[in-house]
Amino acid sequence: MSEHELDTHHTRKLLAGQLSRFLPAEAVLTTEEDLRPYECDGLSAYHRLPLMAVLPETIEQVQAVLQLCQRENVPVVARGAGTGLSGGALPLSNGVLLSLAKFNRILEVDPINRTARVEPGVRNQAISEAVASHDLFYAPDPSSQIACTIGGNVAENSGGVHCLKYGLTVHNVLQVKLLTIEGEALTLGGSGLDAPGYDLLALMNGSEGMLGIITEITVRLLPRPQQTRVIMAGYNDIAHAGEAVGAIIAAGIIPAGLEMMDNPAIRAAEAFVHAGYPEEAAAILLCELDGTDEEVNEQSTQVEQLLHHSGASTLRVAHDAEEQLLLWKGRKAAFPAVGRISPDYYCMDGTIPRKRLPEVLTRIGEMSKEYGLPVANVFHAGDGNLHPLILYDANQPGELERTEELGGKILELCVEVGGTITGEHGVGIEKINQMCVQFKPVELEYFHAVKESFDPDHLLNPGKAVPTLHRCAEFGAMHVHHGELPHPELERF
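Right, let's walk through the structure included here. Everything numeric in this text was worked out from a predicted model, so none of it was measured.

A look at the nonpolar core
Grouped together as the largest cluster of nonpolar side chains are 59 residues, with contacts concentrated most on Met260, Leu285 and Leu307. The element that contributes the greatest number of residues to this core is helix 14 (residues 399-416), accounting for 7 residues. Filtering out sequence-adjacent residues up to four positions away, Leu307 remains in contact with Ile231, Ala233, Tyr235, Ala244, Ile248, Leu285, Ala312 and Leu315. Of all hydrophobic cores here, the second largest spans 27 residues; its members include Met261, Leu286, Ala318 and Ala337.

So, unusual backbone geometry
With a phi angle near 55°, Glu208 is a residue other than glycine that sits in the positive phi range. By the element assignment, Glu208 lies in the loop between helix 7 (200-204) and strand 11 (213-220). Assessed through its relative accessible area of 6%, Glu208 is described here as buried. Phi at Ala465 takes a positive value of approximately 70°, unusual for a residue other than glycine. Here Ala465 is to be found in the loop between helix 16 (441-454) and helix 17 (469-480). With a relative accessible area of 5%, Ala465 lands in the buried category.

Digging into the state of the cysteines
For the structure shown, the criterion picks out 1 disulfide. Here Cys436 is linked by a disulfide to Cys472, with a sulfur-sulfur distance of 2.1 Å. On the sign convention where negative means left-handed, the S-S torsion of about -80° between Cys436 and Cys472 marks this disulfide as left-handed. Here Cys472 lies in helix 17 and Cys436 lies in helix 15 (residues 435-438), a separation of 36 residues in the sequence.

As for the packing of helix 8 (residues 238-250) against helix 10 (residues 293-309)
Put simply, helix 8 and helix 10 touch, their axes get as near as 9 Å, and they point 145° apart. Seen along the crossing, helix 8 lies across helix 10 with a hand that is right-handed. Residues Ala244, Ala247 and Ile248 of helix 8 lie in contact with helix 10, whose contacting residues are Val303, Leu306 and Leu307. Looking at side-chain class alone, the contact of helix 8 with helix 10 contains 6 nonpolar, no polar and no charged residues.

About the thresholds
- Residues numbered from 1 in each chain as written.
- Predicted model: local features only at pLDDT ≥ 70, side-chain atom pairs only at ≥ 80, totals over all residues.
- Heavy atoms only, no water.
- Core = buried A, V, L, I, M, F, W, Y, C linked by side-chain atoms within 4.5 Å.
- Buried < 20%, exposed > 50% of the residue type's maximum accessible area, 1.4 Å probe, protein only.
- Helix = DSSP H or I, 4+ residues; strand = E, 2+ residues; numbered from the N terminus.
- Contact = heavy atoms within 4.5 Å.
- Disulfide = S-S within 2.5 Å.
- Axes fitted to C-alpha atoms, helices over the stretch in contact; angles between N-to-C directions.
- Left-handed = near helix turned anticlockwise from the far one by under 90°.
- Nonpolar A, V, L, I, M, F, W, Y, C, P; charged D, E, K, R; others polar.

This is the structure:
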């Protein structure tokens, strides 16, 4: 055993002994076998065993864990379901992985005020299931909603196919309760439309576990619409599909969802789900309209006309709820569907102005050919949130590195056209280099100042989301030579 391994073993043993004073033995994981499930999140290209993992069940236990780690200067990485795609929950080899999986209760449903209080480990979809009897639902619906947790949704400010009309997580959360690294309890937001003071609640949405540990969330519930209608349009030219998106929004229509898939994604999803997608189409648009019967009928007529005028080669209107679910199932299963046709894929997440869709898709196609790596495009077309899926084989030497470089170029293209490097997946470790492109040094300094006001010792999820100025300087130098700055201390599959 090396000197480093001896030190790690000694630290783990000492820390486990202190944790055992307030946690049951089964809630403190220290063996390699027990820690393997926590070595990565949905960005599985990177993995690392934590020093240990803890599974507390009460707020008091979480407070004690944080106070101990703060006292011993041990980093803490919070984890929900581990479905994140940016490495935000990647553990640290010298840190504690804090699982919130046992905080999975819906504490209260208030159908009159249309709110629900939930613990962070509650699954996204479970909220809508729990309030369905009141004809209510929780709007944000990431594709991973059957598994992802609401705490993770707040950490990443998740969206989904219905975020165009109903907003991201930040627009649907009224209050959060959290613990600081010192174990101090804070309540941000309230039950009303506004709260006094700085809007720290918005700050927590998308904070990626770097500012505090969320222990409770109050979410906004919405009444189920009287009617929904899903229209699918196929296009022989992907640029025409992009133009149709702009035409629908320009007409003053805000669909509940407006999604696009290109041909590789269409073929993969159709082979997996058999949703009835036109496999020869260059692209399809899925447009969902909801509201009163009168609204939906009128808007449906308008949208069908706009789709025809924009050059749609096929048009299909779902006849019932079952057919609607099938059309959406193909879209929501696009990621696993692509996983069936490629040994590996890398899911990107960037956002661009809607009017630049045709141009950006064309340039992504050019980059795909340049790097020799296929790209399947699936995205929330209505708000310009792209999810290019880069297909690669990690068993081929250097292919993951080329894939990351291509992904970085796609994100930088998003910034170039006036967009941003993330729409809902967060930054984590995946996009930390591109933060140097998105933001100026002085802006990054303010981000670090916010971090230090909550976490002066940099113990909560350190090294994620906000790069140091030194790292940005290194990235700039590497960029001149067309290289990509590697992520430090990471193992790769």
